[in-house]
Amino acid sequence: LYNIIANKASGVDVDRIDYLLRDAKCATGRDANFDWNFILDNAAVRMAKCDDDPSPYPVIAFARKSAVEIWKIFQSRYDMFNQAYLHQCSIGREMLLSDLLREFKALPEPACHVIPGKTVDEAAADPHSFIKLDDEIITRVIMRVEDCESAAASTEERAKLARIQGLLERYSRHSHYTKLGEHPLPSHLAKRTGSELQHDWKLDETRFRVCLRTVHHGDGDMNPMQNMRFFDPKRDGADEQARPLSEEEWKQVPIAEPFA
C-alpha cells in the first residue's frame, strides 16, 4: 500500500503522477504527455524478484503494453526539472529566499521567530510547526522587521535590518539573482559540492554563488525503466512472476540515452 503513494523501487507512484500532471498544467499551460488512466488501468500486484533479494515478493507491476506510456512519465520528469524546477529563475528566486531567511534568522530573539517561540530552523524540524511555513512566511518576516525597526538602537542592528529590507524589496519585485553562465562540470570535479567549488575558484560569496544543476530521468545516470516489472495479461497467469522487459521489447520503447 505504501508503494502506491511513494514507490522507491520503480519510481512510478501516484505522488509523482499527481505533481507532474499539476505542474505541467501550471508551468506550461499544457497537459502532461502521458496517459495516466491507461497506466493505472494496466497496473496490478504481482510477485517479482527485485533488487538483490533472492526471493520474489509482491510489487506493483504493469502490463507490457503500457511500457511506452510509463517511459513518458520519466521523460516528463526530466522535462519539468529542466524547464521549471531547475530553471534559472526558479534557482535565483530560491537562493534569494534562502539568503533572506538566513539574514532574518540572525536577528536577536524573539525577533527571529517566524512562528511563536520558534526560528525557521526550529519550525522546520518540528512537523506540527513545519506545516505552518507556507507562503505567509514572508508576511510574518515583514511584520517582524517593521516591529524591530522602531526598537533598533545600535548601528549593527540597523545595518542588519537594512540588509533584510533590501532582500525583501528584491523578493517582492521579483528581482531574483541572475545566472551569469552555465558550464558542464568535468568528470574529475563531479563529486565536488557547490560550496567546495566556490572555495576552489576563490569566488566572493557576497557577489557570486556556484549552484550545481543536475537533471536526470529519476535514477541518476541509470535507466529508470530497468527497475520496472511487467507482465502479459493475456499470457501470464495471476501467479506468474513479473519481469523486466526483454531485449526485443526494449526496442519498442523510444528511450533516450544516455541517462546522465
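Residues numbered from 1 in each chain as written. Predicted model: local features only at pLDDT ≥ 70, side-chain atom pairs only at ≥ 80, totals over all residues. Heavy atoms only, no water.

Novice: Sorry, what's going on with the overall build of the chain here?
Specialist: When helices and strands are counted, the chain shows eleven helices and three strands. For 260 residues, the compact-globule formula gives about 18 Å, and the C-alpha radius of gyration of the chain, at 24 Å, lies well above that figure. When its C-alpha atoms are laid out on the principal axes, the chain stretches across 80 × 40 × 40 Å. Looking at the 260 residues of the chain, the share that counts as buried comes to 34%. A separation threshold of at least 6 residues defines the contact pool for the chain, and within that pool the share at least 24 residues apart is 59%. Accessible surface, the chain: about 16500 Å² in total, of which carbon and sulfur atoms supply 52%. With 35 positive and 43 negative side-chain charges, the chain shows a spacing of 3 Å between the two charge centroids. (Helix = DSSP H or I, 4+ residues; strand = E, 2+ residues; numbered from the N terminus. Rg over C-alpha atoms; globule rule 2.2 N^0.38 Å. Buried < 20%, exposed > 50% of the residue type's maximum accessible area, 1.4 Å probe, protein only. Contact = heavy atoms within 4.5 Å. Areas by Shrake-Rupley, 256 points an atom, 1.4 Å probe, with all protein chains shown as cover. Lys, Arg positive; Asp, Glu negative; His and termini not counted. Charge placed at Lys NZ, Arg CZ, Asp CG, Glu CD.)

Novice: Got a minute to help me understand the sheet that holds strand E2 (residues 57–63) in this structure?
Specialist: Hydrogen bonds between backbone groups are what pair the strands of a sheet, and the pairing can be parallel or antiparallel. Pairing is mixed in the open sheet, where three strands are placed in the order E1-E2-E3. For this open sheet the edge positions go to strand E1 (43–48) and strand E3 (230–231), each flanked by a neighbour on one side alone. Looking at chain direction, E2 and E3 are connected through two bridges and run parallel. Bridge assignment links Phe62 to a residue of E3, and that residue is Phe230. (Pairing = 2+ DSSP bridges.)

Novice: Teacher, can you tell me more about the layout of surface pockets here?
Specialist: Empty space among the atoms becomes visible once a probe the size of a water molecule is rolled across them. Of the volumes computed, that of the largest pocket is approximately 1400 Å³. Lining the largest pocket are 39 residues; nearest its centre among them are Gly181, Arg209, Val210, Cys211 and Leu212. Of all the elements, helix H5 (residues 88–105) adds the most residues to the lining of the largest pocket, at five residues. Grouping the constituent residues of the lining of the largest pocket by class yields 19 nonpolar, eleven polar and nine charged. (1 Å grid on protein atoms, 1.4 Å probe; cavity = no way out; pocket = protein on both sides within 12 Å on 5 of 7 lines; lining within 4 Å. Points joined across faces, edges and corners; volume = space filled by probe spheres on them. Nonpolar A, V, L, I, M, F, W, Y, C, P; charged D, E, K, R; others polar.)

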